[in-house]
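# Chains, contacts and geometry: an overview
The chain contents come next:
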Amino acid sequence: MVEIEGIIAKAIDGFYYILVNKEEYCCRSRKKFRFKEIEPKVGDKVTIKIIDFEKREGVIEKIHERTSDFIRPQISNVTQVFIVLAYLEPKVNLEMLNKMLINFEVEGVKTNIIINKCDLHGEEDDREVNELFKSFPYDVIKVSVKDRININTIKNKLHNNISCFCGASGVGKSSLLNEIVSKNIMDISTLSQKIKRGKHTTRFSQLIYIDELDGYLIDTPGFTSVSISKNIGMDDLKEYFIEFMDYYEGCKFRGCRHINEAQCNVKKAVQHGKINEMRYEMYVRFYNKFNQKEK
Ligand SMILES: Nc1nc2c(ncn2[C@@H]2O[C@H](COP(=O)(O)OP(=O)(O)O)[C@@H](O)[C@H]2O)c(=O)[nH]1
Ligand SMILES: [Mg+2]
Ligand SMILES: [Zn+2]
C-alpha cells in the first residue's frame, strides 16, 4: 500500500482535498481521528494511503503535529496572517479587528493588516486612516486591488510562508488573492441587488500553492463577528496588547491594569502618542466587558 504526504487544501462535507506535488487527491478521513476528537482541517499536513491512483482517491492515515491551530477560521499550520479590511465599504469594524489581533497573538503568529479599497478614499478619508493607525503595532499596508496598488508589497511577504487572508465579508480577500495569483480561482462575491445574497461568496477555506512564491495562500470565508479566545482572562488581556509591554515597567504599581491606576506609564505613553489611542480604547472597552461578566 502506497503512503504519501500532502497538505489539506479544502474540506467539504466530509471529503478532504489533499495537495500532493500540485496534484489533488480526494480523501476520506479515518474514523480514529474522530475518537480523539481531532478533525482534519485545511492546512493540515497529512499522510494519505492511496486507494486509487487514477481517480486520485485515498484515505487520511495520519495528521502531523500542528504548528498553529486556529478555531476561527478553522485552519492550521499558518505561518502568517493578513487581516484584510476596508475603511469605507464595508465600514471598518475596529472592535472585530482588535479581537482578531488578540486571538492571533494567542496563537503567536505574525499578523499584518491590509486596508483594501483605498481607491474609494477621498483626501479626508486618507487623513483619517493615517490618524487612526498612527504608531500601530502591526504592519499596515494600504492596498487597492482595483487600481493594483501595493500588490507587490504583499507578494514580497509571501515567500516560503503559509499565509492566511481573513476578515469580514466583502472586503476583497478573494479579489486580492486572484490578483496575486493572476488567475481566477477564488470566488468573488457579486452582490445581487434583487435577492440581496452573495452569489459567489467564499463558503469554505481554500489553500492554494503558488509556485512562483514557493508559498501557500489560504482564502477564508468572511465572518460577521469574532469573540475573544476563551483562554484569556481579564488579567491576561493586557499581555496581548503587545505594545504595552515596552512601558509597563514604568508603572508605579506592580500588576498595574492600566485602567484607573495613578502614575500609569502605559496611559502616559498613550497621551504622548507612543501607544496608538484606538488600541488603548479597545483595551479599556474589552477590559470593562470582562469586568461586567465577572460581577
Ligand atoms: N472599489 C474597490 N472594490 C473592490 C476592491 N477589491 C475588491 N472589490 C470589490 O469588493 C467586492 C467583494 O470582493 P470579494 O473579493 O468577494 O470579498 P471577500 O468577501 O473578502 O472575498 C467585489 O464586488 C469586488 O469587486 C478594491 O480594491 N476597490
Ligand atoms: Mg471571498
Ligand atoms: Zn499601568
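As a reminder, the structure under discussion sits directly above these lines.
Everything in this summary refers to the structure shown in the same document. (Residues numbered from 1 in each chain as written. Chains lettered and ligands numbered in written order. Predicted model: local features only at pLDDT ≥ 70, side-chain atom pairs only at ≥ 80, totals over all residues. Heavy atoms only, no water.)

So, on to the overall build of the chain. The helix and strand tally for the chain stands at seven helices and 13 strands. Relative to the 2.2 N^0.38 estimate, which gives 19 Å for 295 residues, the radius of gyration of the chain is 21 Å and therefore close to what a compact globule would have. Along the longest, intermediate and shortest principal axes, the C-alpha atoms of the chain span 70 × 45 × 40 Å. Within the chain, the proportion of its 295 residues that are buried is 47%. For the chain, the proportion of contacts with a sequence separation of at least 24, taken over those separated by at least 6, is 65%. If you sum the accessible surface of the chain, you get close to 16300 Å²; carbon and sulfur atoms cover 46% of it. Charged side chains in the chain number 47 positive and 43 negative. The centres of these two groups are separated by 4 Å. (Helix = DSSP H or I, 4+ residues; strand = E, 2+ residues; numbered from the N terminus. Rg over C-alpha atoms; globule rule 2.2 N^0.38 Å. Buried < 20%, exposed > 50% of the residue type's maximum accessible area, 1.4 Å probe, protein only. Contact = heavy atoms within 4.5 Å. Areas by Shrake-Rupley, 256 points an atom, 1.4 Å probe, with all protein chains shown as cover. Lys, Arg positive; Asp, Glu negative; His and termini not counted. Charge placed at Lys NZ, Arg CZ, Asp CG, Glu CD.)

What follows deals with the pattern of salt bridges. One pass over the structure, following the stated rule, counts 17 salt bridges. Between arginine 30 and glutamate 61 there is a salt bridge; the shortest N-O distance is 2.8 Å. Of the two residues, arginine 30 is situated in the loop between strand 3 (23-29) and helix 1 (32-35) and glutamate 61 in strand 5 (residues 57-63); the sequence distance between them amounts to 31 residues. Residue arginine 30 is classed as partly exposed on the basis of its relative accessible area, which comes to 28%. The exposure class of glutamate 61 is buried, given its relative accessible area of 14%. A salt bridge links glutamate 212 to lysine 155; the nearest nitrogen and oxygen atoms lie 3.7 Å apart. Note that glutamate 212 is positioned in the loop between strand 12 (206-210) and strand 13 (215-219) and lysine 155 in helix 4 (residues 151-155), a separation of 57 residues in sequence. Here the salt bridges do not stand alone but share partners, grouping Lys41, Asp44, Arg66 and Asp69 into one network. (Salt bridge = Lys/Arg side-chain N within 4 Å of Asp/Glu carboxyl O.)

Let us now look at the coordination of the zinc ion (ligand 3). Looking at the zinc ion (ligand 3), one finds its protein donor set to be Cys251 (SG), Cys256 (SG), His258 (ND1) and Cys264 (SG), positioned 2.1 to 2.4 Å from the metal centre. Around the zinc ion (ligand 3) sit four donor atoms, and with donor-metal-donor angles ranging over 105 to 114 degrees the site reads as tetrahedral. Donor residues for the zinc ion (ligand 3), ordered by position in the chain, follow C-x4-C-x1-H-x5-C. Residue cysteine 251 is found in the loop between strand 13 and helix 6 (265-271), and its partner cysteine 264 is found in the loop between strand 13 and helix 6; the two are separated by 13 residues along the sequence. Accessibility expressed as a relative area gives 8% for cysteine 264, which makes it buried. (Donors = N, O, S within 2.8 Å, 3.2 Å for Na, K, Ca; no water. Tetrahedral: all angles 85-135°; square planar, octahedral: opposite > 155°, others 65-115°.)

Reported here for the second largest pocket is a volume of approximately 460 Å³. When the residues that make up the lining of the second largest pocket are grouped by side-chain class, the tally is eight nonpolar, four polar and four charged. (1 Å grid on protein atoms, 1.4 Å probe; cavity = no way out; pocket = protein on both sides within 12 Å on 5 of 7 lines; lining within 4 Å. Points joined across faces, edges and corners; volume = space filled by probe spheres on them. Nonpolar A, V, L, I, M, F, W, Y, C, P; charged D, E, K, R; others polar.)

Further remarks concern the pairing of strand 6 (residues 80-86). Across a regular strand the side chains alternate sides, sitting on one face of the sheet and then on the other. Burial within strand 6 is extensive, with seven of its seven residues counted as buried. Where burial is concerned, the two faces of strand 6 agree: the one with Gln80, Phe82, Val84 and Ala86 and the one with Val81, Ile83 and Leu85 are both buried. Alignment of strand 6 against strand 7 (residues 110-116), held across seven bridges, turns out to be parallel. Looking at strand 7, one finds that glutamine 80 is bridged to lysine 110. (Pairing = 2+ DSSP bridges.)

Core analysis: the biggest nonpolar cluster contains 67 residues, and Ile18, Ile48, Ile60, Leu97 and Leu237 have the highest contact counts within it. Beyond its immediate sequence surroundings of up to four residues, isoleucine 18 is in contact with Gly6, Ile7, Ile8, Ala9, Glu23, Glu24, Tyr25, Cys27, Val46, Ile48 and Ile60. Ile114, Val143, Phe165 and Leu217 belong to the second largest nonpolar core, which has 20 residues in total. (Core = buried A, V, L, I, M, F, W, Y, C linked by side-chain atoms within 4.5 Å.)

For the coordinates displayed, the defined rule picks out eleven aromatic pairs. Measuring from ring centre to ring centre gives 6.3 Å for tyrosine 280 and tyrosine 283, while their planes differ by 40 degrees; the resulting arrangement is tilted. In this pair, tyrosine 280 and tyrosine 283 both sit in helix 7 (residues 277-294), three residues apart, roughly one turn of the helix. Take tyrosine 280 and tyrosine 283: they sit in the same class, and that class is buried. Seen from their ring centres, tyrosine 283 and tyrosine 287 are 6.1 Å apart, and the 45 degrees between their planes marks the pair as tilted. In this pair, tyrosine 283 and tyrosine 287 are both assigned in helix 7, four residues apart and thus about one turn of the helix distant. Tyrosine 287 carries the same exposure label as tyrosine 283, and that label is buried. Grouped by ring-pair contacts, the aromatic residues Phe241, Phe244, Tyr280, Tyr283 and Tyr287 constitute a single cluster. Sitting over the face of the ring of tyrosine 17, lysine 10 holds its NZ or CZ atom 5.2 Å from the ring centroid. Directly above the aromatic system of phenylalanine 136 lies the positively charged group of arginine 279, at a separation of 5.8 Å from the ring centroid. (Phe/Tyr/Trp six-rings, centres within 6.5 Å; stacked < 30°, edge-to-face > 60°. Lys NZ or Arg CZ within 6 Å of the ring centre and 35° of its normal.)

In short, shape yes, function no, at least from these values alone.
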